[in-house]
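# A look at the structure
The lines below spell out each chain.
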Amino acid sequence: MTKNGLEHAAIERRAKVDPFQGHDYYQIDDLLEEDHLLARDAVRSWVKQEVTPIIESYAERAECPTHLYKGLAEIGAYGPSLPLEYGGGGMDDIAYGIIMQELERGDSGIRSMASVQGSLVMYPIYRFGSEEQKRKYLPKLGSGEFIGCFGLTEPDHGSNPGGMTTHIIDDGDAYILNGAKMWITNSPVADIAVVWAKDEEGKIRGVIVEKDMPGFSAPEIKGKLSLRASITGELVFEDVRVPKENILPNVKGLKGPLSCLSKARYGIAWGAIGAAMDCYDSALRYAMEREQFGKPIAGFQLTQKKLAEMITEITKAQLLAWRLGTLMNTGKATPAQISMAKRNNVDMALTIAREARQIHGGMGITNEYPVMRHMMNLETVLTYEGTHDIHLLITGMDVTGLNAFK
Amino acid sequence: MKLLVCVSKTPETTTKIAFADNDTRLDTAGVQYIMNPYDEWYALVRALELKEKFGGSVTVLNVGPAENDTVIRKGLAIGADDAIRINANPKSSLFVAKQIANQAKEGGYDMVFFGKETIDYNGSEVPGMVAELLDMPFISFASHLDLDDDQVATVVRDIEGGTETATLGMPFVISAAKGLAEQRIPNMRGIMMAKRKPLQVVEPIEAADVAVAVKYELPPEKGAVKLIDPENMDELVRLLHEEAKVI
């Protein structure tokens, strides 16, 4: 068979079977509302139809399935919790979380495409933008006509975004923007970038940069062994003239970008459950079918230990995410509570991916099964949007009142 | 054009089947439910496509208890305009058919859609009964349905080893098979809009359950495979004759 033929055979194999079923050991569905269940059902169907059949092939080639940007818009995955009049879905934060869970069940990279667009681009424009900015950008972002990206992290400033050197200088009717951003999801294909830069007083401001502004480029970062189906790049600004009407008028300081990150991290706390459930589901199925020494490997104590611990941890993570969702809905969730859920759930998912890989034996390292792809993806998720260690220090500072960052 | 789509709720396809109350009913503990796929993917979507082309309205109808509202709401999220739930716990096909026929008569619909069967009990009984009760023509297992400008319908139905094409005027009852339309996944906006669409709950009319299931049993478990030496055809014939009793 030719290379292409083999690839198509692999695609068809995956296309035929996405037997995934959700897992709800503690009947948490009883805590959800009708629209949450409908949203989950819809996104799960969409993922089975659009993502599962192609994801292994795109991940293998490290290519972004750019046609899915439009599909994500059609299903309503961009800014589902923003108001309908601005192109959102008018849903609550639990619905948003569930959508992220189902997308990440498909692939963390696909979830990243949607969470960047919704939480890191649409949300700051909605929350901090002028009415004109909202009318100009939000409907186009919601419909997928525009793709957005979010520029905060810099080559030399990751966990310490306050140290950023990207800056703007007042030049009459425009600001002159200089600097560089790194590890930016969607950047090479984005139409606009929400960029955080320091003004002449050293205050962090948000500006909307459009792709054809002279001096702006977004080169792709190659060689990633994780989130291979999601495109990542840099943002480089060399004397970019950004019209003053493109500055986000209603926020100054680090709380601007951090409030966006809170929203995105909350989504990741749910998303990680999706990846974990996919690994568990695959491992459970494999363990029931795979026989050694004359019986299914699920019948051996060491396999059962792994499976039992997996479903226990998934159930705990589900309760954490659900409770955090109810706090988000009433505006009571603190950034520290969000940090705890992001850190716990991503770590849980990564541990489950590794255990699930073991249960799959040698098959676990192939792309016949989704487990190794999830595991590789989750290494990024553990690090981006606040590293595993930084979130721990946030909890530490919250309970002691002592800052251990510096 | 007024279109009625009758939808049922059915256990999810991977449900592990067990029975309760001396095998007289399905054990519903832990069962997850979905909208019957033939109703959702083919009947409802084709009705919506006709509405989009010719105008009118699509109503979804279900005979069942309040728990069925999630399934009905999904029909609204996919695009139906309104919904009716006849508040009953049906036990037989004729009971359901009489409820639907009564409601369809009141509503004066041009077409009444069903899936060709519901994937739980696979009875395929209700659509034919409803057509009879309404004294309307009935086309079953339709895999194609079109309307011309004079509102004459052309329907292709699957028959053993081929297809049959028929034309007929409205009103009529139709049951949908694979091919009539393609699944539509509701989007988030549709799900939120569905919350505001009317879902009318009506009480059932008197109707007796004339045929009621008294017992269910699972198919026998598959036994071990017997391997017979290819040289020993006499033994194969003997087993087929004496044990399997098929020849």
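Remember, it's a predicted structure, so these values are computed and weren't measured experimentally.

We now examine unusual backbone geometry. One can expect most non-glycine residues to show negative phi and most peptide bonds to be in trans. Residues and elements named next belong to chain B. Along the chain, Met170 connects to Pro171 via a cis peptide bond; the corresponding omega equals 0°. You can see Pro171 is positioned in the loop between strand 11 (162-169) and strand 12 (172-176). Positive phi values are uncommon outside glycine, yet Asn122 reaches one of about 50°. Tracing the chain through its elements places Asn122 in the loop between strand 8 (111-115) and helix 4 (126-134). Look at Asn122 and you get partly exposed, because its relative accessible area is 39%. For Ser124, which is not glycine, the phi dihedral falls at a positive 55°. Looking at where Ser124 falls in the secondary structure, it is placed in the loop between strand 8 and helix 4.

What follows concerns the pattern of salt bridges. Overall, the coordinates contain 38 salt bridges over all chains when judged by the stated rule. With its nearest N and O atoms 2.7 Å apart, the salt bridge here joins A:Asp93 to A:Lys263. With A:Asp93 in helix 4 (residues 93-106) and A:Lys263 in helix 7 (residues 255-289), this residue pair connects regions lying 170 residues apart in the sequence. By the burial criterion, A:Asp93 is buried, and A:Lys263 matches it. Residue B:Glu235 is joined to B:Arg238 by a salt bridge in which the shortest nitrogen-to-oxygen separation is 3.1 Å. Separated by 3 residues within a single helix, B:Glu235 and B:Arg238 lie in helix 6 (residues 233-242), roughly one turn from each other.

With 141 residues, the main nonpolar core has A:Leu103, A:Ile125, A:Trp196, B:Phe113 and B:Leu145 as its most contacted residues. Of all the elements, helix 7 of chain A adds the most residues to this core, at 17 residues. Ignoring anything within four residues of it in the chain, the contact list for B:Phe113 reads B:Leu3, B:Leu4, B:Val5, B:Cys6, B:Ala43, B:Arg46, B:Ala47, B:Leu50, B:Leu145 and B:Ile174. Counting 24 residues, the second-largest nonpolar core is a separate cluster that includes B:Leu4, B:Leu61, B:Ala88 and B:Val130.

Let us look at the confidence of the model for chain A. For chain A, the average pLDDT comes to 95, and 96% of its residues sit at 70 or higher. Note on residues 5-15 of chain A: pLDDT under 50 across the span, and 14 contacts to partners over four residues away in sequence or across chains.

Right, let's get into the side chain of A:Arg105. Residue and element names in this part refer to chain A. Along the chain, the position of Arg105 falls in helix 4. For Arg105, a relative accessible area of 3% puts it in the buried group. Among the polar contacts made by the side chain of Arg105, one reaches the side chain of Asp18 at a distance of 2.9 Å. Non-local contacts of Arg105, meaning those with residues more than four positions away in its chain, are made with Asp18, Phe20, Val47, Lys48, Thr52, Gly274, Ala275, Asp278 and His374.

A few words on the domain arrangement of chain A. Residue and element names in this part refer to chain A. Each assigned domain of chain A is listed with its residue range as follows: domain 1 (20-142), domain 2 (148-246) and domain 3 (255-400). Summarising the inter-unit geometry, the C-alpha centres of domain 2 and domain 3 are found 30 Å apart. Facing the 9 residues of domain 2 at the interface are 10 residues of domain 3. Here domain 2 packs against domain 3, burying approximately 800 Å² in sum over the two surfaces, 74% of which is carbon and sulfur. Counting every contact that joins domain 2 to domain 3 gives 0 salt bridges. For the pair domain 2 and domain 3, the interface holds 4 residue pairs in polar contact (both at pLDDT 80 or more).

Cut-offs used in this document
For every chain, the first residue of the written sequence is number 1, and numbering continues from 1 along that sequence. To label them, take the chains in the order written and letter them from A, then take the ligands in the order written and number them from 1. Given that this is a predicted model, residues contribute local features only at a pLDDT of at least 70 and side-chain atom pairs are listed and counted only at 80 or more, while totals for whole chains, interfaces and linings are drawn from all residues. To get the side-chain values, all heavy atoms of the structure are used, and hydrogens and water are removed first. The numbering of helices and of strands both runs from the N terminus, where a helix is a DSSP run of H or I of at least 4 residues and a strand a run of E of at least 2. Type-normalised accessible area, obtained with a 1.4 Å probe on protein chains alone, sets the label of each residue: buried when under 20%, exposed when over 50%, and partly exposed for intermediate values. Salt bridge, as applied in this entry: a Lys or Arg side-chain nitrogen positioned within 4 Å of an Asp or Glu carboxyl oxygen. What makes a nonpolar core is a set of buried Ala, Val, Leu, Ile, Met, Phe, Trp, Tyr and Cys residues whose side-chain atoms join them at distances within 4.5 Å. Here, two residues are considered to be in contact whenever any of their heavy atoms come within 4.5 Å of each other. Confidence of the predictor at the level of single residues is captured by pLDDT, which takes values from 0 to 100. Distance and chemistry together define a polar contact, namely a pair of N or O atoms within 3.5 Å, with one atom able to donate a hydrogen and the other to accept it when in protein, and with adjacent residues in sequence counting only for side-chain atoms on both sides. Residue ranges for the domains trace back to a domain assignment, done automatically or taken from a database. Buried area, as used here, totals the accessible surface that two parts lose on assembly, with accessibility defined by a 1.4 Å probe and the loss added over both.

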